[in-house]
Protein chains: 2
Amino acid sequence: MTAITAAYYRGDKTFEVTQIAATPPKAGEVQIKVAYCGICGTDLHAYHGNMDARVGFERILGHEMSGTIAAIGDGVAGWSVGDPVVVRPLDPGAPNPATERGHDHISHNLKFIGLDSNGAFQELWNVPAFTLHKLPADLRLDHAALIEPVAVACHDVRLSGLEAGEDAVVIGGGPIGILVAMVARDAGGNVVISEVNPHRLEIAQKLGFDTINPLETDLKEAIENRTAKKGADVVFEVSGTQPGVDAMTQVAATRSRIVMVAIHATKPTIDLFQFFWRELKLIGARVYEPEDYEKAIAVVASGGVDAETVITDVSPLSDIQTAFEALDKSPTAMKSLIKVGTEA
Amino acid sequence: MTAITAAYYRGDKTFEVTQIAATPPKAGEVQIKVAYCGICGTDLHAYHGNMDARVGFERILGHEMSGTIAAIGDGVAGWSVGDPVVVRPLDPGAPNPATERGHDHISHNLKFIGLDSNGAFQELWNVPAFTLHKLPADLRLDHAALIEPVAVACHDVRLSGLEAGEDAVVIGGGPIGILVAMVARDAGGNVVISEVNPHRLEIAQKLGFDTINPLETDLKEAIENRTAKKGADVVFEVSGTQPGVDAMTQVAATRSRIVMVAIHATKPTIDLFQFFWRELKLIGARVYEPEDYEKAIAVVASGGVDAETVITDVSPLSDIQTAFEALDKSPTAMKSLIKVGTEA
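The model shown is predicted, which means the values in this text are computed figures rather than measured ones. (Residues numbered from 1 in each chain as written. Chains lettered and ligands numbered in written order. Predicted model: local features only at pLDDT ≥ 70, side-chain atom pairs only at ≥ 80, totals over all residues. Heavy atoms only, no water.)

## Brief notes about the overall build of chain A
If you tally the helices and strands in chain A, you get 13 helices and 17 strands. For 344 residues, the compact-globule estimate of 2.2 N^0.38 gives 20 Å, and the C-alpha radius of gyration of chain A, at 20 Å, lies within 12% of that figure. Across the 344 residues in chain A, those meeting the buried criterion constitute 58%. Taking the contacts inside chain A whose residues are at least 6 apart along the sequence as the reference set, 68% of them involve residues at least 24 apart. For chain A, the distance from the average site of its 29 positive side-chain charges to the average site of its 45 negative ones is 3 Å. (Helix = DSSP H or I, 4+ residues; strand = E, 2+ residues; numbered from the N terminus. Rg over C-alpha atoms; globule rule 2.2 N^0.38 Å. Buried < 20%, exposed > 50% of the residue type's maximum accessible area, 1.4 Å probe, protein only. Contact = heavy atoms within 4.5 Å. Lys, Arg positive; Asp, Glu negative; His and termini not counted. Charge placed at Lys NZ, Arg CZ, Asp CG, Glu CD.)

## Observations concerning the interface of chain A and chain B
In this assembly, 42 residues from chain A lie in contact with 42 residues from chain B. For the pair chain A and chain B, the summed buried area comes to about 3800 Å², and 63% of that belongs to carbon and sulfur atoms. Among the residues of chain A in contact with chain B, L272, F276 and R286 of chain A are the three that bury the most area, contributing 18% of the side total. Across the salt bridge formed by R255 of chain A and E289 of chain B, the nearest N and O atoms sit 3.1 Å from each other. Summed over the shared surface of chain A and chain B, the result is 19 residue pairs in polar contact (both at pLDDT 80 or more). Secondary structure elements with two or more residues in the side of chain A that touches chain B: α3 (97–100), α5 (147–160), β14 (252–260), α10 (272–277) and β15 (281–284) of chain A. The biggest single contributor to the side of chain A that touches chain B is α10 of chain A, with five residues. (Buried area = accessible area lost by both parts, 1.4 Å probe. Salt bridge = Lys/Arg side-chain N within 4 Å of Asp/Glu carboxyl O. Polar contact = N/O pair within 3.5 Å; in protein donor to acceptor, adjacent residues only side chain to side chain.)

## Some details on the sheet that holds strand β14 (residues 252–260) of chain B
Consider a sheet: its strands pair through backbone hydrogen bonds, and that pairing is either parallel or antiparallel. Spatially, β12(A)-β11(A)-β10(A)-β13(A)-β14(A)-β15(A)-β15(B)-β14(B)-β13(B)-β10(B)-β11(B)-β12(B) is the arrangement adopted by the 12 strands of the open sheet, whose pairing is mixed. In the strand order of this sheet, the two ends are held by β12 (210–212) of chain A together with β12 (210–212) of chain B, each with one partner. Taking each pair of neighbouring strands and ignoring which way they run, the sheet shows an average axis angle of 20°. Note that strand β10 (residues 167–171) of chain B and strand β13 (residues 232–237) of chain B share four bridges and pair parallel. Bridge pairing in β13 of chain B links A168 of chain B to V234 of chain B. Each of β10, β11 (190–194) and β13 of chain B touches helix α6 (residues 175–186) of chain B; the most contacted strand, β11 of chain B, lies at about 165° to it. Docked against the sheet, helix α9 (residues 242–251) of chain B engages β10, β13, β14 and β15 (281–284) of chain B, running at close to 145° with respect to β14 of chain B. (Pairing = 2+ DSSP bridges. Axes fitted to C-alpha atoms, helices over the stretch in contact; angles between N-to-C directions.)

## A look at the relation of the copies chain A and chain B
You can overlay chain A on chain B at an RMSD of 0.0 Å; the transform is a turn of 180° with a shift of 0.0 Å along its axis. On the angle and the small slide along the axis, the relation comes out as a two-fold axis. Relative to the rotation axis, the closest C-alpha in chain A is found at T269 of chain A, a distance of 2.0 Å. An overlap of 100% is found between the interface residues of chain A and their copies at the interface of chain B, pointing to a shared contact surface. (Least-squares fit on C-alpha atoms with pLDDT ≥ 70 in both.)

## Comments concerning the nonpolar core
Here is a general trend for soluble globular proteins: nonpolar side chains tend to be buried in one another's company. Residues and elements named next belong to chain A. Counting residues in each nonpolar core, the largest one holds 94 residues, and the members touching the most others are F121, L132, I147, V150 and F236. Counting residues per element, this core draws most heavily on α5, which supplies eight residues. Split by domain, this core shows at least three residues from each of two domains, domain 1 (3–146 + 305–339) and domain 2 (150–284). Excluding residues within four positions of it along the chain, L132 makes contact with V30, I32, I69, W79, V85, V86, V87 and V127. (Core = buried A, V, L, I, M, F, W, Y, C linked by side-chain atoms within 4.5 Å. Domains from an automatic or database assignment.)

## Brief notes about the layout of surface pockets
Its volume calculated, the second largest pocket comes out at about 1600 Å³. When residues of the lining of the second largest pocket are traced back to their parent elements, those giving at least two are α10 of chain A together with α1 (41–47), β7 (111–112), α5 (147–160), α6 and α13 (320–329) of chain B. Sort the elements by how many residues they give to the lining of the second largest pocket and α1 of chain B lands first, with four residues. Of the residues assigned to the lining of the second largest pocket, the class counts are 24 nonpolar, 14 polar and 11 charged. (1 Å grid on protein atoms, 1.4 Å probe; cavity = no way out; pocket = protein on both sides within 12 Å on 5 of 7 lines; lining within 4 Å. Points joined across faces, edges and corners; volume = space filled by probe spheres on them. Nonpolar A, V, L, I, M, F, W, Y, C, P; charged D, E, K, R; others polar.)

## Side note on the packing of helix α8 (residues 219–226) of chain B against α9 of chain B
All names here are of chain B. For the pair α8 and α9, the least separation of the axes is 9 Å and the interaxial angle reads 30°. Viewed along their axes, α8 and α9 adopt a mutual orientation that is roughly parallel. Handedness of the α8/α9 crossing: right-handed. Contact with α8, carried on its side by L219, K220 and I223, involves A247, Q250 and V251 of α9 and no other residues of that element. The residue makeup of the contact of α8 with α9, split by class, is four nonpolar, one polar and one charged. (Parallel < 35°, antiparallel > 145°, perpendicular 65-115°, else oblique. Left-handed = near helix turned anticlockwise from the far one by under 90°.)

## Regarding the packing of aromatic side chains
Under the criterion given, the structure shown has 20 aromatic pairs over all chains. Taken together, a centroid distance of 6.3 Å and an interplanar angle of 45° make the contact between F276 of chain A and W277 of chain A tilted. A relative accessible area of 9% means that F276 of chain A is categorised as buried. Relative accessible area serves as the criterion here: at 33%, W277 of chain A is assigned to the partly exposed category. A centroid spacing of 6.3 Å and a plane angle of 40° characterise the contact between Y9 of chain B and F57 of chain B, whose relative ring orientation is tilted. (Phe/Tyr/Trp six-rings, centres within 6.5 Å; stacked < 30°, edge-to-face > 60°.)

## Section: the pattern of salt bridges
Between side chains of opposite charge, a pair can form when the charged atoms approach closely. Residue and element names in this part refer to chain A. For the structure shown, the criterion picks out 36 salt bridges over all chains. Of the charged contacts, one joins E58 and R10 as a salt bridge, the two residues approaching to 3.1 Å between their closest N and O atoms. Pair noted here: E58 is in the loop between α2 (52–55) and β4 (64–72) and R10 is in strand β1 (residues 3–11), with a separation of 48 residues, a long-range link. Of the charged contacts, one joins R158 and E289 as a salt bridge, the two residues approaching to 2.8 Å between their closest N and O atoms. Linking R158 in helix α5 with E289 in the loop between β15 and α11 (290–302), this pair joins segments that are 131 residues apart in sequence.

## Describing the domain arrangement of chain A
Residue and element names in this part refer to chain A. Structurally, chain A comprises domain 1 (3–146 + 305–339) and domain 2 (150–284). Taking only C-alpha atoms into account, the centre of domain 1 sits 29 Å from that of domain 2. Summed over both sides, the interface between domain 1 and domain 2 buries roughly 980 Å², with carbon and sulfur atoms accounting for 79% of that surface. Our count for the domain 1 to domain 2 interface comes out at zero salt bridges. On the surface where domain 1 and domain 2 come into contact, there are one residue pair in polar contact (both at pLDDT 80 or more). For the side of domain 1 that touches domain 2, the per-class residue count stands at five nonpolar, three polar and one charged.

Structure, rendered in structure tokens:
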């Protein structure tokens, strides 16, 4: 038995870092030596106790990870020990109307690995082999920990149908909004970020984006001025707020596409007349599909995402408690990584 | 000078039927001997005084028409006197960001002929030649007066991407909802109509549709039962009501398409979480494009729309006042036609 370090969420904003015995991978699984694992907004949501009913108090969180293959279970072909990988943490479960139509990533029986089962805040992690994506040998594993959230952004941008030269507005410049903006820019979009938080505005500007603070500037007018009265061809609603939903129809061009990235916990009011009148399209987008992961690997490997700016801090697994506490309070942190592996 | 009969909207639910002098078609125009013209919901809206600021009191309404070419203006090629035609009553006006991208039908400068300029409730009507669509010689001109509203339905169904064998729910079984249902059925969809009005339910059933009254039956459950828990692949929201907007996300399958046909004058609340969670798509759809008119001509000519049931009454132009009054009060009327021409 190999003893490994793992971090358990125990409820009430508390992690316990402890030693456990590693188990070998089952048939169909591989065992991954986890290198880095980022802290997702969802992990913070769990940390706050908002997902206790779903995750329980015996849960190892973490899914924005990178690592190398440590062992391979029976029946797994095509992989070698030492391969650098990331995990697409989705298990579609039993067949259902969604999977029958090829939509495994939004399966009615979807299990999210790292929430519904144990995740990557542990040194050795067993996962189904079908979740793996191979990394280029020269991609830094800290940068590779961004691939999961970048894959979300790649999914959003792909579903938007954004073409080079089109005008895009990202409403909400938090961690996901910034990644959406970077992927949209990498795809050739003319991107502007609408954000009200001065710290986030500063980061967005540092990353080279034009920004608008809609509390200070009339957003609709500003977008009309940028686009010769046309409006935005693509709008990403990432704010999850009523003002964001109001803004999305105001800045959208005739026949434009609005991508619903945010999770709206309450039902906002919406200007449906604008959808009719200008033939707007609203496109819901959740997680990612395999091609989005491949795209995200390519974008991170090519520097399309400025990993050095996005990753604002790295803490060892032993300090996960303080890392969550710090991220929770920080107005400026973008992406906090946990260095899970003890090697360099 | 030829004297013709024309019906002017004079405000306050009043038409004046009078003799006027016909003017010859200008360059680029044709003159049409109008045969039939249906009363649109928009005409009723104008009749109620709700569009006085737009239409004024010197306006001849009417756009759901059929007729034959009576005269041809200078510079018009490809048309002959006697050709049976319908008019696509849209004038895109000066170039703008919408027309520059090929969306003439939702041009920022769109003029709707028959509202913003005079329409077809007159015996001889001059229109731009670019609005014409030729009819098959054997298509009855009373049936052809349905082509304009059927083209709306064809546009809705085309933008939905409905494929044969897919499950479709039409929310709202009024005149447009019924036509959407007929066109969707003609395209091979398994269509069910949700409607609360008993008279409309009866007409829908008479037309061979499965119907659900959501005041009596749980709509979501009924659609799940019909579709083996999948839900509807395509939803048409034609009701323009909050319950309709609530229902549209409830009955929609994962990755389904919801077409916004209705005009929502107020901003309803919407379950945006469902758009995210199940990757729903909302597609705004307004009026029609030339290909929708060609499709509508084909559907009406082939009997895909049951014209005899849809056309519930025909009145001469001299009786336009009583025809509007009757339609306004009738719980059972679907489509009222005005016979504009005095010939058989």
